[in-house]
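Examination of the molecular architecture
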Amino acid sequence: MSRTRFADTLDGVGDGVPARRPERLHASALASVFTDRSARGIADRLGDLIHSGELAQGLHLPTVRALAAALHVGPTTIATAWAQLRQRGLIHCDRRRGSFVRGPGMLAGRRFASLPPPPPVRLDLSTAYPDPALVPDLAGPMALAVAGTPWREYPDDMVDPHLAAALHATWPFEAEDFTVTSGAHDAVHRVAGVVLRRHDRVLVEEVAAASLLDIVEDHGAQAVPVRCDDEGPLPEALAAALATRPGMLLLQTRMASPYGHALSRRRAESLTPMLAGHDIVIVEHDTAHELAPTPHVSLGEFLPEQILLVRSWNKSHGPHLRVGALAGIRRVVSRVRARQKATGGWPSALTQRALAQMLTDPQTRETIRRARAIYRHRRQQMVHALREQGLTPTGVAGLSVWVPVRDAATAIRSLAADGIGIAPGAPFTVHGDGRSHVRIATTLRHDEHARIARVLGEAHHR
């Protein structure tokens, strides 16, 4: 079906909303493209058409009632599909003018960027920023890096040898190749650019870091959620997801955002045989590993030829240390490195050398050990208070808690009225189905745990 059939005249598109209202796409023309008439099937098919360009940016979509009548389904089904497409950033809905295609061109970070700004609060727990009081000193290591690095010259290699040596000593498996990136997000984004093709399927946790879901959708791929418990992906859920023939698995191995699960050795051993039988690239995302109270279990111990491990240090060592490490499959890492060399896209040698100094410095290691213990205690305080109110936060460790509630919007409003900000669950789920969950950051020092739990408990049980 050609793009012309859907929209021949689209005028004045700006930020996904037409300046002048174009002719509305007729419901009967759109209805003919659907074979799966569930809300998810409708959203997925429309998502494919938008990513392919067949539904052009700015196109005025049929009304909910018109498309429901054309498909012989209830209006609630179409409304749910529209909500999923809004959550993916692919359509824009205006109560007065209707729904319009936004297009796939500018999706990066939109899961947070598309949310309305939070009201002014006295305690913002919507984002798990590190506590400045628990970040080690950067001045000394940076001074040593400047003194010991030929910073007036271009480096012979993009990877600082001191950092490479420090990382090699702690890597959990023998990696085929290695490079550095400008943080973990940059690493996963570059891997996706090498591995994924448009419309590929990518397995992700049912509740996953919003940045990972953004990367999948930015590359025109389809995220396939996999249900997890506290030990990681459930074997039966992974087996069903593998039947969709995915090209990649994105897995948070511990301190998982926002669920809080940590891959156990028992679970890794049960997942290994089913993953070994598939041609799939497994990307392990271990970005808060220095703060994790649980041991690291990597599938790279069992399937080194299928694994790419990504690590970073900005949560533990400071927000200005935008250094990521990517190691594993040579055919992928070598292509990432070639693209980096073509664009100059790798972190400064000074920053790398400063990180190497910190990773081997006893005082810094003690600061990180203390931060690890404090972050764990703060999360436990929040979990305990929530359970006292009959709520059931998930996971075993992390920098936030994921809390089931009756209605996220009500819970957020109730706490905002008390001057406390928390995050909605929708950005962390593939299809925006997290409206009955909230995420509460636990990194900051405060004594509001009982108050937060009480307000959420009252909103949940009323």
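On a predicted model such as this, the values are computed, not experimentally measured, just so you know.

Quick look at the packing of helix 9 (residues 184-195) against helix 10 (residues 210-218) now. Viewed as axis vectors pointing N to C, helix 9 and helix 10 meet at an angle of 25°, and their least axial separation amounts to 10 Å. In terms of their interaxial angle, helix 9 and helix 10 are classed as roughly parallel. Taken as a pair, helix 9 and helix 10 cross one another with a handedness that is right-handed. Taking contact as the criterion, the partners of H185, V188, H189 and A192 in helix 9 are, on helix 10, S211, L212 and I215. Per-class residue counts for the contact of helix 9 with helix 10 are 4 nonpolar, 3 polar and no charged.

So, on to the sheet that holds strand 15 (residues 400-404). Strand pairing in a sheet takes place through backbone hydrogen bonds and is either antiparallel or parallel in direction. Spatially, the 3 strands line up as an open sheet ordered 15-18-17, and their pairing is antiparallel. In this open sheet, the two strands that pair with only one neighbour each are strand 15 and strand 17 (423-424). Pairing of strand 17 with strand 18 (residues 437-441), which is carried by 2 bridges, proceeds in the antiparallel orientation. When the bridges of strand 18 are listed, P424 appears paired with V438. Each of strand 17 and strand 18 is contacted by helix 17 (residues 408-416), which is oriented at about 35° to strand 18, the strand it contacts most.

Before going further, it helps to examine the pattern of salt bridges. Counted by the stated rule, this structure contains 14 salt bridges. For the salt bridge of R266 with E231, the shortest nitrogen-to-oxygen distance reads 2.3 Å. Of this pair, R266 sits in helix 12 (residues 265-276) while E231 sits in the loop between strand 9 (228-229) and strand 10 (232-233), and the two are 35 residues apart along the sequence. E231 gets classed as buried once you look at its relative accessible area, which sits at 19%. If you follow the salt bridges from partner to partner, you end up with R122, D418, E448 and R451 in one network.

Another aspect to go through is the environment of R337. Relative to the assigned elements, R337 resides in helix 14 (residues 330-343). Measuring from C-alpha to C-alpha, the distance between R337 and L326 comes to 10.0 Å, with 11 residues separating the pair along the chain. Not counting the four nearest positions on each side in its chain, R337 is found in contact with M158, D177, F178 and T179. At 3.2 Å, the side chain of R337 and the backbone oxygen of F178 are in polar contact.

Calculation criteria
Residues numbered from 1 in each chain as written. Predicted model: local features only at pLDDT ≥ 70, side-chain atom pairs only at ≥ 80, totals over all residues. Heavy atoms only, no water. Axes fitted to C-alpha atoms, helices over the stretch in contact; angles between N-to-C directions. Helix = DSSP H or I, 4+ residues; strand = E, 2+ residues; numbered from the N terminus. Parallel < 35°, antiparallel > 145°, perpendicular 65-115°, else oblique. Left-handed = near helix turned anticlockwise from the far one by under 90°. Contact = heavy atoms within 4.5 Å. Nonpolar A, V, L, I, M, F, W, Y, C, P; charged D, E, K, R; others polar. Pairing = 2+ DSSP bridges. Salt bridge = Lys/Arg side-chain N within 4 Å of Asp/Glu carboxyl O. Buried < 20%, exposed > 50% of the residue type's maximum accessible area, 1.4 Å probe, protein only. Polar contact = N/O pair within 3.5 Å; in protein donor to acceptor, adjacent residues only side chain to side chain.

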